[in-house]
Amino acid sequence: MKPFIKKILLFTAIPVTSGLLFLILLTLYLKASYQDYPIGSNISILFAGDSHIQSSVDDRLIPHSLNIAKNSESLYFTYYKLKMLLDTHPSIKQVFLGVSYHSLSNYFNQYIDGKYSVNISPRYFFLLPFKEQIRVFNWNRNHPAGFLKSIFKKGMAQAALHRYSFMGGFTNSFEGTTAVDSSMEKRIKFQYYTKGKLNPFSVYNIRYLSEIEGLCQARGVELTVLSSPLHDHYYKKVPKAYKDKLNQIITTNKLNYIDLTNLPLDENCYIPDGDHVSFFGAKNTSKTLREMIDEQTAER
Amino acid sequence: MLFNSIDFAIFLPIVFLLYWFVTDKNLKLQNFLIVTASYVFYGWWDWRFLSLILFSTLVDYLVGVGLLKQTNQSKRKILLWVSILVNLGFLAFFKYFNFFIDNFIAAFSFFGTEIQANSLNIILPVGISFYTFQTLSYSIDVYRRKIEPTRDFIAFAAFVSFFPQLVAGPIERATHLLPQFYVKRTFDYSKAVDGMRQILWGLFKKIVIADQCAEYANQIFNHSDNYSGSTLILGALFFTFQIYGDFSGYSDIAIGTSRLFGFNLMQNFNFPYFSRDIAEFWRRWHISLSTWFRDYLYIPLGGSHGGMWMKVRNTFIIFIVSGFWHGANWTFIVWGTLNAIYFLPLLLTNSNRTHLGTIAEGRTIPNIKELFQMILTFGLTVFAWIFFRANDLDHAVRYLSEIFSNSLFTLPKFPGIETAYNLFFLVTFFIFMEWQGRSGQYAISNFALRWKRPVRYAFYYLIIAAIFWFGGKEQQFIYFQF
């Protein structure tokens, strides 16, 4: 019996030890490689956030800007992504951070420590400090194989192919779509309600919004909170508590705020869910943003 | 609890250590641990269904005790019928109730009479077809005086609920498994190592082959109306490897796990896709079920005695019943009938026992004749699997009509076909491994044993890496639904 157990332990110890060693080396290598992360030296503006910013800001239309937003990205992960980029790229002077009403809902937590964490957190794993890595491991303890595999895959893709899955960037392939009432209502239910009850606020996103504010302040970077356009039908259905909460956060923290929520857009500027814009919507949003940024620059 | 889950990866070592280090001195305690572990294992899905197992165990135990005391033949028969009715009653209710109701209504409406009957929202308890057949075998064997009825309730409960084979077999006979609970098990190093190897190969079959094939098979079968005949053939091939990898993989893990605890379970799959005719296929596919039907249905019906007509009738009966055992759907009945039709020429020419040995024994490759026979048998099997996998008969017919259309001569095309090419290499490797190990209990039972340890370990690590790489989704085993 004992030789059997010994052999099993030895047999298991070899891949576990080498896997762990490989993971440590990969982490060290990637952390070092982020120093040279290729962002053009002419880039001074970043657009960060989730799919709302990713699909609504076409950075090709806004000079010296880069859209780094990524779908399902919570502010917890945005914070570490921005930290890496601001630490290594002093040319960045302004950050537009996508925050909308939905960002405040705790439905977002499922992308941080909930059921979708296994798909989302590996993207950012190597950006995180050790303590946070352990935390993320813990969140995914029920899917260790899937999580580890995903970490290795993402890490290898970053190291070997320079495919940085956390970076995102503008993408929008929706043309000829309009908002659909039933889809918007479904979306509202998904984002703000659980079993008919209003969702509490996301502690993570609210906390990391203020962490991002602190980070930008410390690096001398101007932070502007940006709310992307919403269809009128969707907007009307957003619970008042969320509208009030966002206003309260903005005013209490005296944050710069660009509110494009009610930007007048044609019907074909939305996709069925009403809280994302279509390709045409992105074009209009980006033009508006460019005008605003140009005005701002002229005022200075 | 799924074998391919983290829960099981924690559960197994705990039970193993308790079994060999804490309860090893006392046989009763060891059996009790098996019962407890098995109930935890089963209750992990839905604890409410534990009452079914417990009830079935109690009934068959008491029937056994009754049969021991009873000498009156008609009373013995009544006791046997109690066991049959309880076990098949469970099956009939949980598995077939809605099927019968729906078909009853359909039959009446066909003749112009509309009747009102509601089907029930019944959840099928996992593995009910397996453990009911296992307990039935006990009652029948006791009735036939082939086995002494047990007075050890714990041993009997352990036999019924033995967790490695509880939910998807092999369906063990009381004559084979029950006596193993009466004797003290001693740890056998080589048996345990062999068990680990078999578990490893079972996981490879399930996670790397079956689950990967399932992705494409599901996609093609679920949207079959959108695809060409050539793509649909590919879909049927994916399903062919999926069902084999899934079910035989489960059996390998079950047998391997049992070996860790000092038990021997019967072989359930013997490289069926290398069969030279359909009779050989059925001697190699789900052996525990085929032999169950042979012993408890075919032979009592008269078997092969009584002339050709009797043989044909009985063969059709067991294939149709076997099809129905797989599920309450006409597709399974057609699948069973189709296999009976395949069997018919062999039966009529008395050549159903021509191929009893291993194909190409002592040779590396088969000869042309064997290759042709193998391809033909494989083709017939793939054809029959279409009925097995289809949602209903209409779906199966539409699927087959598209296969036999002009679109058969176009290139296969479906979303993700590029990644499906990778699967082609995996399946080729899998077939190669199965072929080289076809004379063993499982493909890698003798593979690499004479290699130097580092090389042998490297091979195992490669298999583990593949399992790790392709795993992570914890897919259900197909046969749980039966």
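On a predicted model such as this, the values are computed, not experimentally measured, just so you know.

### Some words on the overall build of chain B
Then comes step 1: A count of helical and extended segments in chain B gives 17 helices and 0 strands.
Then comes step 2: Relative to the globule expectation of 23 Å for 482 residues, the C-alpha radius of gyration of chain B, 23 Å, shows essentially globular dimensions.
Then comes step 3: Along the three orthogonal principal directions, the C-alpha set of chain B runs to about 70 × 70 × 45 Å.
Then comes step 4: The buried share of chain B, taken over its 482 residues, is 57%.
Then comes step 5: In chain B, 77% of the contacts between residues at least 6 apart in sequence involve partners at least 24 apart.
Then comes step 6: Here chain B has roughly 21,300 Å² of accessible surface; of this, 67% comes from carbon and sulfur atoms.
Then comes step 7: For chain B, the distance from the average position of its 38 positive side-chain charges to the average position of its 28 negative side-chain charges is 10 Å.

### Some points on the overall build of chain A
Then comes step 1: Helix and strand counts for chain A come out as 11 helices and 7 strands.
Then comes step 2: Counting over 300 residues, chain A shows a buried share of 53%.
Then comes step 3: Contacts spanning at least 24 positions in sequence make up 78% of the contacts within chain A whose residues lie at least 6 apart.
Then comes step 4: Entry remark: accessible area of chain A is about 14,100 Å², with carbon and sulfur atoms responsible for 57%.
Then comes step 5: Of note, chain A has its 35 positive side-chain charges centred 14 Å away from the centre of its 25 negative side-chain charges.

### Focus: the packing of helix α3 (residues 50-69) of chain B against helix α4 (residues 73-110) of chain B
Residue and element names in this part refer to chain B.
Then comes step 1: Where α3 meets α4, the axes come as close as 8 Å, and the angle between the chain directions of the two elements is 165°. Judged by the angle between their axes, α3 and α4 are roughly antiparallel. Seen along the crossing, α3 lies across α4 with a hand that is left-handed. Contact residues: Leu52, Phe55, Ser56, Val59, Asp60, Val63, Gly66 and Leu67 in α3; Arg76, Leu79, Val82, Ser83, Val86, Asn87, Phe90 and Phe94 in α4.
Then comes step 2: The class makeup of the residues in the contact of α3 with α4 is 10 nonpolar, 4 polar and 2 charged.

### Overview of the pairing of strand β1 (residues 45-48) of chain A
All names here are of chain A.
Then comes step 1: Judged by which residues are buried, β1 turns out to be covered on both faces: Ile45 and Phe47 on one side and Leu46 and Ala48 on the other are all buried.
Then comes step 2: Here 3 bridges tie β1 to strand β2 (residues 65-67), and the two strands are oriented parallel to one another. Paired with Phe47 across the strands is Asn67, a residue of β2.
Then comes step 3: Of the crossover connections in this fold, the one passing from β1 over helix α2 (residues 51-56) to the parallel β2 is right-handed.

### Quick notes on the confidence of the model for chain B
Then comes step 1: Looking at chain B as a whole, the pLDDT averages 89, with 96% of positions reaching at least 70.
Then comes step 2: Complex prediction metrics read pTM 0.78 and ipTM 0.71.

### Things to note about helix α3 (residues 75-88) of chain A
Residues and elements named next belong to chain A.
Then comes step 1: The terminal C-alpha atoms of α3, which comprises 14 residues, lie 20 Å apart, in line with the 20 Å expected from a rise of 1.5 Å per residue.
Then comes step 2: In terms of burial, α3 is largely enclosed, as 12 of its 14 residues are buried.
Then comes step 3: Turning to α3, its buried residues number three or more, namely Leu75, Tyr76, Phe77, Thr78, Tyr79, Tyr80, Lys81, Leu82, Met84, Leu85, Leu86 and Thr88.
Then comes step 4: In this fold, the buried residues of α3 make contact with β1, β3 (94-98), α4 (117-124), α5 (130-139) and α8 (203-219).

### Some remarks on a nonpolar patch on the surface
Then comes step 1: A cluster of nonpolar side chains, namely Ile10(B), Ile14(B), Leu17(B), Leu18(B), Phe21(B) and Val22(B), defines an oily patch on the protein surface of about 530 Å² accessible area.
Then comes step 2: With respect to the helices and strands, Leu17(B) occurs in helix α1 (residues 6-22).

### Re the environment of Ser41(A)
Then comes step 1: Considering the arrangement of structural elements, one finds Ser41(A) in the loop between α1 (2-33) and β1.
Then comes step 2: Along the primary structure Ser41(A) and Lys115(A) are separated by 74 residues, whereas in three dimensions their C-alpha atoms are 38 Å apart.

### Quick notes on the interface of chain A and chain B
Then comes step 1: The interface is formed by 18 residues belonging to chain A together with 22 residues belonging to chain B.
Then comes step 2: In total, about 1,800 Å² of surface goes out of reach between chain A and chain B, with carbon and sulfur atoms giving 78% of it.
Then comes step 3: Broken down residue by residue, the surface that chain A buries against chain B is led by Met1(A), Phe4(A) and Phe11(A), which jointly contribute 39%.
Then comes step 4: Linking chain A with chain B are 0 salt bridges, by the criterion used here.
Then comes step 5: At the junction of chain A and chain B, the tally comes to 3 residue pairs in polar contact (both at pLDDT 80 or more).
Then comes step 6: Put simply, the parts of the chain that give the side of chain A that touches chain B at least two residues each are α1 and α6 (144-161) of chain A.
Then comes step 7: For the side of chain A that touches chain B, the element with the highest residue contribution is α1(A), accounting for 9 residues.

### Description of the environment of Phe388(B)
All names here are of chain B.
Then comes step 1: Along the chain, Phe388 turns up in helix α14 (residues 368-389).
Then comes step 2: A relative accessible area of 5% means that Phe388 is categorised as buried.
Then comes step 3: Separated by 84 residues in the primary sequence, Phe388 and Ser304 have C-alpha atoms spaced 28 Å apart.

What counts as what
- Residues numbered from 1 in each chain as written.
- Chains lettered and ligands numbered in written order.
- Predicted model: local features only at pLDDT ≥ 70, side-chain atom pairs only at ≥ 80, totals over all residues.
- Heavy atoms only, no water.
- Helix = DSSP H or I, 4+ residues; strand = E, 2+ residues; numbered from the N terminus.
- Rg over C-alpha atoms; globule rule 2.2 N^0.38 Å.
- Buried < 20%, exposed > 50% of the residue type's maximum accessible area, 1.4 Å probe, protein only.
- Contact = heavy atoms within 4.5 Å.
- Areas by Shrake-Rupley, 256 points an atom, 1.4 Å probe, with all protein chains shown as cover.
- Lys, Arg positive; Asp, Glu negative; His and termini not counted.
- Charge placed at Lys NZ, Arg CZ, Asp CG, Glu CD.
- Axes fitted to C-alpha atoms, helices over the stretch in contact; angles between N-to-C directions.
- Parallel < 35°, antiparallel > 145°, perpendicular 65-115°, else oblique.
- Left-handed = near helix turned anticlockwise from the far one by under 90°.
- Nonpolar A, V, L, I, M, F, W, Y, C, P; charged D, E, K, R; others polar.
- Pairing = 2+ DSSP bridges.
- Right-handed = clockwise from strand over helix to strand, strands pointing away.
- pLDDT = per-residue confidence, 0-100.
- Expected span 1.5 Å × (residues − 1).
- Patch = residues over 30% accessible without salt bridge, like charges linked within 9 Å, V, L, I, M, F, W, Y side chains within 5 Å.
- Salt bridge = Lys/Arg side-chain N within 4 Å of Asp/Glu carboxyl O.
- Buried area = accessible area lost by both parts, 1.4 Å probe.
- Polar contact = N/O pair within 3.5 Å; in protein donor to acceptor, adjacent residues only side chain to side chain.

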